[in-house]
Amino acid sequence: MTSADSSVAASLNSARRIVVKVGSSLMIDPESRTARTAWLVTLAQDIAALRAGGAQVIVVSSGAVALGWKRLGIERSPQLDRRQAAAAVGQGLLMNAWSAAFATQGITVGQLLLTYDDSESPQRSANARATLGVLLDAGAVPVVNENDSVATEELKLGDNDRLSARVAELADADLLLLLSDVDGLYDRDPADPAAHHIAHVSRIDEGIAAMAGGTRHEGVGTGGMATKIAAARHATGQGRATIIASGRSDHPVSGLREGARATLFDSARS
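Residues numbered from 1 in each chain as written. Predicted model: local features only at pLDDT ≥ 70, side-chain atom pairs only at ≥ 80, totals over all residues. Heavy atoms only, no water.

Draft legend 1. Representation of the sheet that holds strand β1 (residues 17-22) within the structure. If you trace the eight strands from one edge of the open sheet to the other, you get β3-β4-β2-β1-β5-β9-β10-β8, paired in mixed fashion. Two strands in the sheet have a free side with no partner beyond their single neighbour: β3 (109-114) and β8 (200-201). Here β3 pairs with strand β4 (residues 141-146) via six bridges, running parallel. Looking across to β4, one finds that Leu-112 is bridged to Val-144. Against the sheet, helix α5 (residues 80-103) makes contact with β1, β2 (56-61), β3 and β4, and its axis sits at roughly 150° relative to β3, the strand it touches most. (Pairing = 2+ DSSP bridges. Helix = DSSP H or I, 4+ residues; strand = E, 2+ residues; numbered from the N terminus. Contact = heavy atoms within 4.5 Å. Axes fitted to C-alpha atoms, helices over the stretch in contact; angles between N-to-C directions.)

Listed below in structure tokens is the structure:
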């Protein structure tokens, strides 16, 4: 295990409140367009292990719209009303998948849907913060998603990377873990054989942001490395360390605790 890997493991082991963001590319099987239920069980086991170590965990999950397209039997579309309809159907499917995964660990889940207005309004933010607190204190795992069925394009946070940073702020989390289909930040498109993995970032500057611009993203998700860096910048600026890691394999969090490659972004206040 390298020192950077050790720092990732140490961050996970020492955090008392963690936000784990799971992207659509991890939630959804690209062939069947259904939830990756077996993988979700392994993640639920990982989160149960974090909780057994004393941490509280909040999940921010993508995937509702992608699941909704499949169930409705309609083609993917950029039209807002069709995306909102897909989200309305898919949100229930998404929560069923999370509920079934955590039921294997005897853990209850609670759904929380947020919009940009909720994150900006002092009163709504306070209500969301209180709800998260009650769920966590009761031993449940909150599963948060953007309320795509009602949010307009002008009022959307835009992707769940940014949402996860806002949730980390609302919940006063110690650590933000962004699980995706890439194992961290590279200095160029990771498909390039000359690409170099960046294991540790002490400060997010324009050079780091520029690296994210060249990262390719494919699949069912809406985010990419640029949105993850934006989320990391928001979180670290408020004193929360951030990890970007791959979640493709089973037990992705356990893998990180055992030395799997990732990128750790230091808290700006550390």
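Draft legend 2. Spatial organisation of the packing of helix α8 (residues 160-171) against helix α10 (residues 225-237). Two elements in contact, α8 and α10, have axes separated by 8 Å at closest approach and are oriented at 15°. With respect to α10, the axis of α8 lies roughly parallel. Two packed elements cross with a definite hand, and for α8 against α10 that hand is right-handed. Here α8 contributes Asp-161, Arg-162, Ala-165, Arg-166 and Glu-169 to the contact with α10, which in turn contributes Thr-227, Lys-228, Ala-230, Ala-231 and His-234. Of the residues belonging to the contact of α8 with α10, the class tally is three nonpolar, two polar and five charged. (Parallel < 35°, antiparallel > 145°, perpendicular 65-115°, else oblique. Left-handed = near helix turned anticlockwise from the far one by under 90°. Nonpolar A, V, L, I, M, F, W, Y, C, P; charged D, E, K, R; others polar.)

Draft legend 3. The arrangement of the pattern of salt bridges in detail. Inspection of every chain in the model, using the stated rule, returns nine salt bridges. A salt bridge links Asp-161 to Lys-228; its shortest N-O distance comes to 3.2 Å. Of this pair, Asp-161 sits in helix α8 while Lys-228 sits in helix α10, placing them 67 residues apart in sequence. Given a relative accessible area of 1%, Asp-161 falls into the buried group. The exposure class assigned to Lys-228 is buried, which follows from its relative accessible area of 3%. Residues Arg-188 and Asp-187 are paired through a salt bridge, measuring 3.5 Å at the closest nitrogen-oxygen approach. The exposure class of Asp-187 is partly exposed, given its relative accessible area of 26%. Each of the salt bridges in this network shares a partner with another, and the network as a whole consists of Lys-21, Asp-161 and Lys-228. (Salt bridge = Lys/Arg side-chain N within 4 Å of Asp/Glu carboxyl O. Buried < 20%, exposed > 50% of the residue type's maximum accessible area, 1.4 Å probe, protein only.)

Draft legend 4. Fine view of the environment of Val-89. Position of Val-89 among the secondary structure elements: in helix α5. By relative accessible area, Val-89 is classed as partly exposed at 28%. In this structure the C-alpha to C-alpha distance between Val-89 and Lys-70, which are 19 residues apart in sequence, comes to 9.6 Å. Ignoring any residue separated from it by four or fewer positions in sequence, one finds Val-89 in contact with Gly-68, Arg-71 and Leu-72.

Draft legend 5. Region of interest: helix α3 (residues 37-52). Under the 1.5 Å per step criterion, the end-to-end length of α3 is 22 Å for 16 residues, consistent within 8% with the ideal 22 Å. Every buried residue of α3 is accounted for by Trp-39, Leu-40, Thr-42, Leu-43, Ala-44, Asp-46, Ile-47, Ala-48 and Leu-50. (Expected span 1.5 Å × (residues − 1).)

Draft legend 6. Spatial organisation of the packing of aromatic side chains. Under the defined criterion, the tally for this structure stands at one aromatic pair. Between Trp-98 and Phe-102, the aromatic rings sit 5.9 Å apart at their centres with planes inclined by 20°, giving stacked as the arrangement. Placement of both Trp-98 and Phe-102 in helix α5 is noted, with a separation of four residues, approximately one turn of the helix. Residue classification places Phe-102 among the buried residues on the basis of a relative accessible area of 0%. (Phe/Tyr/Trp six-rings, centres within 6.5 Å; stacked < 30°, edge-to-face > 60°.)

Draft legend 7. A look at the packing of helix α9 (residues 206-213) against α10. Where α9 meets α10, the axes come as close as 7 Å, and the angle between the chain directions of the two elements is 150°. Relative to α10, α9 is oriented roughly antiparallel. Pair α9 / α10 crosses with right-handed handedness. Between α9 and α10, the contacting residues are Glu-206, Ile-208, Ala-209 and Ala-212 on the first element and Met-225, Ala-226, Ile-229 and Arg-233 on the second. Grouping the constituent residues of the contact of α9 with α10 by class yields six nonpolar, no polar and two charged.

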